[in-house]
Structures are given as C-alpha cells and as structure tokens.
Amino acid sequence: MKFVLRIALITILLLNISCIDDGTDCGSLGNQSLDIVGISGTNVAIGNSFSDFITIGSGITLTYSEFGIRAIPEATYQNQAALEGGFQAYACSPAPPQPTEEIAEIAVFSSADYVQASSNKVFTAGDTLNTLFKIYDTYSGRIVGLPDFLVEDDLVAADEPFTLQLTVTPQESTEHQFTVHYRLENGEFYQFTTDPITIVP
C-alpha cells in the first residue's frame, strides 16, 4: 500500500514540476482558438495619441483631425482539445487564444458627401472613403493608411480594437454617419454604423 501511495505522490509532484518553467506550456490542452463573431464601434475624439481618446455620443462637432472610429471585433474562444474530443484540465496557465481567421476587407462609408478641401474632390455618399483614413491596429502596433494596411498578406483577425482616423481636411462642415464593413477571408461579413457627428475643417 505504501508503495502505491509513494508512486502516486511522485506522479503528482512530477506533473506539477513540469509546469514550473513558465507556467504556460500546457501542451495541446492549452491551445485555444479565437473566432470572430461580430464587430461594434463608436465615434471617438482622439488626443495626442491613439491610446488617448474618449468615446463621444450623437450630435457632437469635431475637427477632422480629432475624429476617429473605434472598432471592436467580438469573438468567442474555443479550446482545441475540446474541439477534438478531448477534455479541459489544466495544471498550467493556458496560452492566450490565437487568431485563426484573416481580414479580407475593411471599408468605410458615409451617409453624406465628403468634399476634400485641397482638391475639391467629391466622395459621394456611399463611396468608399478608405483613402481618407489611417488605421491604428492594436494587434500589430502599426499606424498606416488604411489602403496600405489592406494590401498586406495574412492580416490576422484579432479580438483587439482598432482605430480609424480621418487624415483629409473637408471643404465644409457636414454631418456624417459612418458605416464600417468588416469582411473575413472565410466569407464572414460584419458591419456597424456610428452615431451622427458633424466634421469640421
């Protein structure tokens, strides 16, 4: 009987020691995947950096350089072992969920015309406004023009928010209601529309 107890105690100790290194190596049981299931968003006023912003409501007036759209992908998380018929029992801390989907398109539209001050170019209501925006992608840490961002390969669809900021001065003050389309490579499509806001030069 003592021999059986001794073996059981040694086995328990060895299982615990195997996770002391960094606390995250749980083998296949620790692999979690992230599945995008929607997106929401809101207007924000951006300060000196993309991390310095406040959410704003309907009917606000902002200069174009202060205006941003904060997009928040919504996700569910699944354990790979559970998906494969295994069980979820952790002796260690599992690794953060890993994105498994890729972004195919992000597109921005407005309910009103946007007239570019420098060239008088008119973006009619419903036209894609991607060339007027830059993106701060929290997941990759990149800040680039939205069209430049979208030409990259393997754009990971993470659950971290991203911010779109206007970069082009409008010719006149106009009320806009922006709609953002978010499409994944697997064909899933999500969108949201912001509250009305007046953008001024």
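You'll find the structure just up there.
Residues numbered from 1 in each chain as written. Predicted model: local features only at pLDDT ≥ 70, side-chain atom pairs only at ≥ 80, totals over all residues. Heavy atoms only, no water.

Student: Now, about the packing of aromatic side chains: what can you tell me, with residues and values included?
Tutor: In the structure shown here, the tally under the stated rule is three aromatic pairs. Measuring from centroid to centroid gives 6.0 Å for phenylalanine 133 and phenylalanine 178, while their planes differ by 85°, and the two rings are edge-to-face. Taken as a pair, phenylalanine 133 in strand 9 (residues 133-137) and phenylalanine 178 in strand 13 (residues 178-184) lie far apart in primary sequence, 45 residues in all. Residue classification places phenylalanine 133 among the buried residues on the basis of a relative accessible area of 2%. With relative accessibility at 0%, the residue phenylalanine 178 sits in the buried group. Consider the rings of phenylalanine 162 and tyrosine 182, whose centres lie 6.0 Å apart with planes at 25°: the pair is stacked. (Phe/Tyr/Trp six-rings, centres within 6.5 Å; stacked < 30°, edge-to-face > 60°. Helix = DSSP H or I, 4+ residues; strand = E, 2+ residues; numbered from the N terminus. Buried < 20%, exposed > 50% of the residue type's maximum accessible area, 1.4 Å probe, protein only.)

Student: Can you explain the pattern of salt bridges? Please cite residues and give values.
Tutor: A full pass over the atoms with the stated rule returns two salt bridges. In this structure, the salt-bridge partner of arginine 183 is glutamate 105, at a minimum N-O distance of 3.4 Å. Residue arginine 183 is found in strand 13, and its partner glutamate 105 is found in strand 6 (residues 103-110); the two are separated by 78 residues along the sequence. Looking at arginine 183, the relative accessible area reads 34%, which means it is partly exposed. On the basis of relative accessibility, which here comes to 30%, the residue glutamate 105 falls in the partly exposed class. (Salt bridge = Lys/Arg side-chain N within 4 Å of Asp/Glu carboxyl O.)

Student: Which residues make up the pairing of strand 9, and what are the values?
Tutor: Across the two faces of strand 9 the burial differs, with Phe133, Ile135 and Asp137 buried and Lys134 and Tyr136 not buried at all. Taken together, the five bridges between strand 9 and strand 11 (residues 162-166) define a ladder with antiparallel strand orientation. The partner of lysine 134 across the bridge, within strand 11, is glutamine 165. As defined by bridge partners, strand 9 adjoins strand 10 (residues 142-145) across four bridges and the pair is classed as antiparallel. What sits directly across from lysine 134, in strand 10, is glycine 145. (Pairing = 2+ DSSP bridges.)

Student: A description of the side chain of threonine 198 should follow, citing residues and the corresponding values.
Tutor: Structurally, threonine 198 can be placed in strand 15 (residues 197-200). Setting aside chain neighbours within four positions, we find threonine 198 in contact with Ile60, Thr61, Leu62, Ser173, Thr174 and Glu175. (Contact = heavy atoms within 4.5 Å.)

Student: A description of the sheet that holds strand 12 (residues 174-176) should follow, citing residues and the corresponding values.
Tutor: Taken in spatial order, the three strands line up as 3-15-12 in an open sheet, and their pairing is mixed. Whereas interior strands pair on both sides, the edge strands pair on one side only; in this sheet they are strand 3 (61-63) and strand 12. Averaged over all pairs of adjacent strands, the angle between their axes in this sheet comes to 40°, without regard to strand direction. (Axes fitted to C-alpha atoms, helices over the stretch in contact; angles between N-to-C directions.)

Student: Outline the sheet that holds strand 13, listing residues and values.
Tutor: Strand order across the open sheet formed by three strands is 6-13-14, with antiparallel pairing between neighbours. The open sheet is flanked by strand 6 and strand 14 (189-193), the only strands paired with a single partner. For this sheet, the mean angle separating the axes of adjacent strands, direction not counted, is 15°.

Student: Could you give an account of the side chain of asparagine 43, with specific residues and numbers?
Tutor: For asparagine 43, the position within the fold is in strand 1 (residues 32-46). In this structure the side chain of asparagine 43 is engaged in a polar contact, spanning 3.3 Å, whose partner is the side chain of threonine 194. At 2.9 Å, the side chain of asparagine 43 and the backbone oxygen of aspartate 195 are in polar contact. Those residues in contact with asparagine 43 that lie beyond four places of it in its chain are Ile54, Thr55, Ile56, Phe67, Gly68, Ile69, Thr194, Asp195, Pro196 and Ile197. (Polar contact = N/O pair within 3.5 Å; in protein donor to acceptor, adjacent residues only side chain to side chain.)

Student: Before we move on, could you go through the nonpolar core and cite the residues and values that matter?
Tutor: Grouped together as the largest cluster of nonpolar side chains are 35 residues, with contacts concentrated most on Phe67, Ile69, Ile106, Phe133, Leu164, Phe178 and Tyr182. Contact partners of tyrosine 182, with chain neighbours within four places excluded, come to Ile36, Ile39, Pro73, Ile103, Glu105, Ile106, Ala157, Ala158, Phe162, Glu188, Phe189 and Tyr190. (Core = buried A, V, L, I, M, F, W, Y, C linked by side-chain atoms within 4.5 Å.)

Student: Tell me what's going on with a negative patch on the surface, and back it up with residues and numbers.
Tutor: Together, Glu102, Asp153, Asp154 and Glu185 line one region of the surface with negative charge. Structurally, aspartate 154 can be placed in the loop between helix 3 (146-150) and strand 11. Look at aspartate 154 and you get exposed, because its relative accessible area is 55%. (Patch = residues over 30% accessible without salt bridge, like charges linked within 9 Å, V, L, I, M, F, W, Y side chains within 5 Å. Areas by Shrake-Rupley, 256 points an atom, 1.4 Å probe, with all protein chains shown as cover. Lys, Arg positive; Asp, Glu negative; His and termini not counted. Charge placed at Lys NZ, Arg CZ, Asp CG, Glu CD.)

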